[in-house]
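Read off the chains here:
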Amino acid sequence: MKEQEPAEYTENDFLQEVASSEYEYGFVTEIASEKAPVGLDASTVRFISERKDEPEWMLEWRLRALQHWQGLHDRQAYPRWAHLKYPEIDFQAISYYAAPNSKPKYKSLDEVDPELLRTFERLGISLTEQKKLAGVAVDAVIDSVSVATTFKEELAEQGIIFCSFGEAIDNHPDLVQKYMGSVVPYTDNFYASLNSAVFSDGSFCYIPPGVRCPMELSTYFRINEAGTGQFERTLIVADKGSYVSYLEGCTAPQRDENQLHAAVVEIIALEGAEVKYSTIQNWYPGDAGGKGGIYNFVTKRGICAERNAKISWTQLETGSAITWKYPSVILKGDDSVGEFYSVAFTKGKQQADTGTKMVHLGRNTRSTIISKGISAGLSNNSYRGLVKINRKAEDARNFSQCDSLLLGDKCGAHTFPYIEINNPTAQVEHEATTSKVGEDQIFYCNQRGIGEAEAVKLIVNGFCKEILAELPMEFAVEAQKLLAIELEGSVG
Amino acid sequence: MLDIQNLSARIDDFEILKGVTLSIKPGEVHAVMGPNGSGKSTLAAVLAGREDYEVTSGTVRYLGRDLLEMEPDERAREGLFLAFQYPVELPGVSMSNFLKEAVNSVREHQGKEPLSAVELLKMMREKAALVDLNPDLKKRSVNEGFSGGEKKRNEIFQLAMLEPRLAILDETDSGLDIDALKIVAHGVNQLRGPERSFLVITHYQRLLNYIVPDVVHVLVDGRIAKTGDKDLALRLEEEGYDWLREETIAAPVG
Amino acid sequence: MTAVKTIDIGTDRPEARFAAAFERNRPHILNGRGQPLAEKRNRALDRFLELGFPGPRDEHWKYTNISKRLERPFEIAIAPAVPELRPQDISRFLIEGLEGSVVVLVNGVMVPGLSSIATDGPVIVPIMDAIGNPVFDRHFGRYADADDAVFTALNTAFARHGLFVHVNRGVKAGTLHILNVTTGVRDTFLQARHLFVVDPGASLTVVETHAGVDAEGMFLNAVVEATIGSDARFDYYRVQDDPGTSAVTGTYVYQEGASYASCGTVTLSGGTIRNNVAVLPDAQHCESHLTGLFIGSGEMHIDNHTLVDHAQPDCFSNELYKGVLDDSATGVFNGRVLVRRDAQRTNAYQSNKSIVLSDKASMNAKPELEIYADDVKCSHGATTGRLDAEGLFYLRSRGLTTDRARTIMLQAFVRDVLDAIAVEPLREVLERAVENRLAK
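In what follows, the accompanying structure is described. Everything numeric in this text was worked out from a predicted model, so none of it was measured.

Once that is clear, we can look at the overall build of chain A. Helix and strand content of chain A: 11 helices and 24 strands. Classification of the 492 residues of chain A by burial places 56% in the buried group. Partitioning the intrachain contacts of chain A with sequence separation of at least 6 by distance along the chain shows that 83% fall at a separation of at least 24.

Okay, the overall build of chain C next. Counting its secondary structure elements, chain C contains 10 helices and 20 strands. Over its C-alpha atoms chain C spans a radius of gyration of 21 Å, differing by no more than 12% from the 22 Å that the globule rule assigns to 440 residues. Each principal axis of the C-alpha atoms in chain C carries an extent, and together these give about 70 × 50 × 50 Å. Split into buried and exposed, the 440 residues of chain C put 56% on the buried side. Relative to all contacts within chain C whose residues are 6 or more apart in sequence, the contacts with residues 24 or more apart total 81%.

Attention shifts here to the interface of chain B and chain C. Residue-level contacts link 19 residues of chain B with 17 residues of chain C. Secondary-structure elements contributing two or more residues to the side of chain B that touches chain C are α2 (72–77), β7 (90–94), α3 (95–109) and α5 (148–162) of chain B.

It is worth spelling out the nonpolar core at this point. Side chains of nonpolar character tend, in soluble globular proteins, to be buried together. Core analysis: the largest hydrophobic core is formed by 340 residues, its most contacted members being A:A238, A:A269, A:V275, B:I168, C:V198, C:F234 and C:V339. With 9 residues, helix α9 (residues 402–419) of chain C is the largest single contributor of residues to this core. Not counting chain neighbours up to four residues away, the residues in contact with C:V339 comprise C:H310, C:T346, C:A348, C:I371, C:Y372, C:A373, C:V376 and C:C378.

It is worth spelling out the interface of chain C and chain A at this point. Contacts between the two partners involve 33 residues from chain C and, on the opposite side, 30 residues from chain A. For the side of chain C that touches chain A, the secondary structure elements donating two or more residues are β19 (362–371) and β20 (377–385) of chain C. Per-element tally for the side of chain C that touches chain A: the top contributor is β19(C), with 10 residues. In the sheet, strand β23 (residues 412–421) of chain A pairs with β19(C) via 6 bridges, with the strands oriented antiparallel. The residue of β19(C) that forms the bridge with A:I419 is C:A365.

Moving on to unusual backbone geometry. Residue and element names in this part refer to chain B. Positive phi, normally seen in glycine, also occurs at L63, with a value near 50°. Within the secondary structure layout, L63 lies in the loop between β4 (53–62) and β5 (65–66). Since 14 C-beta atoms lie within 10 Å of it, L63 is described here as partly exposed. Of note in the backbone geometry, E171 takes a positive phi value of approximately 45° without being a glycine. Looking at where E171 falls in the secondary structure, it is placed in the loop between β9 (166–170) and α6 (178–191). Take E171: there are 21 C-beta atoms within 10 Å of it, and that puts it in the buried class.

What follows concerns the environment of A:H83. Residue and element names in this part refer to chain A. Here H83 is to be found in the loop between α3 (56–74) and β2 (98–99). For H83, a count of 18 C-beta atoms within 10 Å gives the class partly exposed. For the pair H83 and R384, spaced 301 residues apart in sequence, the C-alpha separation works out to 9.1 Å.

Bringing the sheet that holds strand β1 (residues 2–11) of chain B into the picture now. All names here are of chain B. Within the open sheet, the 4 strands sit side by side as β2-β1-β4-β5. Their pairing is antiparallel. Edge positions in the open sheet fall to β2 (14–24) and β5, since each of these has one partner strand only. Here β1 pairs with β4 via 8 bridges, running antiparallel. When the sheet's bridge partners are listed, Q5 is paired in β4 with T59.

Attention now goes to the pairing of strand β12 (residues 260–269) of chain C. All names here are of chain C. Counting buried positions over the 10 residues of β12 gives 9, a clear majority of the element. One ladder, built from 9 bridges, connects strand β10 (residues 233–241) with β12; its direction is parallel. Counted as the bridge partner of Y236 is C263 from β12. Relative to strand β14 (residues 287–296), β12 is paired through 8 bridges, and the arrangement is parallel. Bridging from a neighbouring strand, A261 pairs with S288 of β14.

All names here are of chain B. Reading across the sheet, the 6 strands line up as β6-β9-β10-β3-β11-β12 and stay open at both edges, with mixed pairing between neighbours. One side of each edge strand has no neighbouring strand; the edge strands of this open sheet are β6 (80–83) and β12 (223–228). For this sheet, the mean inter-axis angle between neighbouring strands, taken without regard to orientation, is 20°. Summarising the sheet, strand β3 (residues 29–33) and strand β10 (residues 197–202) pair through 5 bridges and their orientation is parallel.

Rules used throughout
- Residues numbered from 1 in each chain as written.
- Chains lettered and ligands numbered in written order.
- Predicted model: local features only at pLDDT ≥ 70, side-chain atom pairs only at ≥ 80, totals over all residues.
- Helix = DSSP H or I, 4+ residues; strand = E, 2+ residues; numbered from the N terminus.
- Buried ≥ 20, exposed ≤ 12 C-beta atoms within 10 Å, placed from the backbone.
- Contact = placed C-beta atoms within 7 Å.
- Rg over C-alpha atoms; globule rule 2.2 N^0.38 Å.
- Core = buried A, V, L, I, M, F, W, Y, C linked by C-beta atoms within 7 Å.
- Pairing = 2+ DSSP bridges.
- Axes fitted to C-alpha atoms, helices over the stretch in contact; angles between N-to-C directions.

Structure (structure tokens):
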């Protein structure tokens, strides 16, 4: 590799390569599909609900959400505060439902189009019995529909429910009705309302009291169809004393248009329960000129509902043209713990405005925020976070650290923390730094025989190390590879 | 001077002192030795009034009063001084302001006139010489940027400034090299007198070569396992603490 | 992004009262000598009405409900009476040992009999007398951001009171104490405006203080503009210690090459206080220092907003704000450091530390870094907490009462902000004032 580099290879050449690297998962799968008519009104919602054979209560909830959303839409009440620039989205120009074939629910893998299974194989996820990922149960969602969930029976032996959201509505309506919307109500924000009205599928997970989930649970999302959006919903309930580690991955084909992804994730952790939620977000980011790419407007929130609960968010964000997401924890139970670990890498014309909210309500609650932003090309990368200590939250603690690294002089790195303290016993610390890769660091590497490009990779990896270490073992390697690919500007 | 009877104390759910009995007369120097975790520093903390510790039983009389009823600052004004094992840094608080506040609090309590700035400076110079502390320290913040040895010498310097009736030295020797140890011991010896008592808490016998105690107590597992004269310390130096532990187990005190 | 809207002033919104007062006083207000100012005023009023007073949904006013304060039917003082004050009435507001010039403004009007201007000091003229002066006309309204800030626009429309201070090239003008006294007025809305022009190589230190004598329920909308020439130095201190006044202040400092500027903002008492400090180092090798100290008690609400806008390479900025909040007081710190694309090799630091003492007190902090250049070293830190328990115990173990130990610890906490005050007599006065405020 190194010999082929021009003699004058400089950091700038490298950064240009980084900025122009191509998207690996940009292929389209040719499969028959059914799409809802373009546009959004009550008939769209009824269409979706009907296709999915939903009970009346679900339809009513959707319609209430739709009504609320229409109110917000009429008042143009989209969130405007983020450090993002994009043209107004025409919500009537999107198809809100697409299923890979005319069958909205699959009874077994045999019913799944083999082309579709091959899609997931290409993504490194095998759904077939023989080649299932060891130690990881996967729910695969393509466009609007869950196509397969692996290891279901094995999990059921321990009372763990892991299925598509649609199945949960059919088979566990009591749990869904009790918890859906309890952390992210359909009135929460513009995109959460939209999702509540039109969500198509997603994953549902319930861990019974005292059970430590024996394997990683994973949902894999893929947008395939053109002209559609994806609106999935995930609901995780960890009952008293249980533990689960959950991973979400996502990709989309390369298209010239912008596609909307507006998901909702809700986590409920009861007394002593622990939920670890990891995301590797690799939606199509658009081309180097900023054409196409996913608009990723996501509401993720967990609640430590009872004492001693713990919710930990880890994210590696490399994709999407626009990222707007703030995985949050409401620390309601005394002694509960919230964590947020994030690496956000932007290049080209990507824009990310991401961070977290830690809302301390209970006594002796603790939260930690470590955020690493890396900006390259013409991108803008913002951390936005809230730490709120309520009046009653005695002895709450927070530590936040937000570091930004700039690779090149045409990108931006920004930090917007909000700190609201209403209790004198709180101890809250926030630190942020912004810098570039040090010339002395590169020189040191050079002096030890490491080339410029390799040196930057090494240093960036070091910069992210403590976050990547938070990912489940199976995916930490994956994440490192992904980051390396993003940095290198070449496939493989 | 000080009379401790059957004192038990705990922090959180851990019982650390399990019935300590100990009595110090005016002018006496008592040493408390013991292995790590035996409760030595807890004893110092309880006597100084640290709120993290809960006294579960027993009494402590100091100059005829119930010490445990007194606030930490009241104890200090009544002449009880604790030389901290880990002196606290107070950024932004100058040594001179700190000592002015402390010395005059004590003087006011004793019905004496406060010292003027000039008198105080004079006294600081005098007493600093006792422990060989740099006289320009008055501008520095309390303990901030002090080396480990300087911090310990600063504790003895404050002891000299406040002229207490009872001084508790909590592992003042820890982390000191032999030269610094000699300086500290010299300072302490200068301050010995018929009205002033000392409770010297230490892990090693070494300090007691320089500050020679009248009585030596050995604290093991929260109890005084043995009391003797300075030769007891020498025996501990040679034989360690294990023989005492066996003794306590064989014939528990109380 | 912001849509242009104009407020319906037919309603009983407070803006309507200002619009009416402007119409009523237009000839009076415009009685200066220069047309340029008249045009600036008209434009500013239009802008004010377009923006309207900010509500809680305005991101810049998220934590400060200023509209509520403005609901009160203030008298809009265009030309308030100036009761006669004797030197002994104001002597207690002077700063002992401070050498240099003193200008006393009574209800905004400069009173020469109470003022003393050093002969080798700056040139000082009330702004209404400065209209027509080419230096004044060139700089007035140029740095204060009337496009963005509604209060600045309002001030530009109305301001008649305040000083134009000019320091000629190379002159070391010493210290100027501006003492604002409000007296014999209540429920009145006052607007003050200063322009400082410090020519290349010159220097000026300004200490601005406020005092009320028989004045209550005041609202002050003050704007300070300063332009600092190359190699010049400007130090500006604003001390707010007037319980009867709520205020919105804007301090805008524009820096040319290798200049030095410092802004110290100290708030010890008042109602709702909002201080905006914006510094724009617009050439290489500038140095900017922003310090702030706020001590809130009772129902006080103190909001400090800062902006350091690095537009050029090789500049240094440092920001340190500290606050102590007791009773039901609320503190806000919103510090923004902006490093624009060309501002390579910027070093920018910001620190905000606060102590919350009571169950009902609150602190909101929003330290922001917005960075578009890569070869920079920027950091910010914000901490909020209580006093260190170990330190308190150490002090008590040396005989200090809990209250005294607390006071000492709080004084130590604010020590570095006070140490940053380069004017020694001012520092001494503030040390005493701070000690009194922090004692329990």
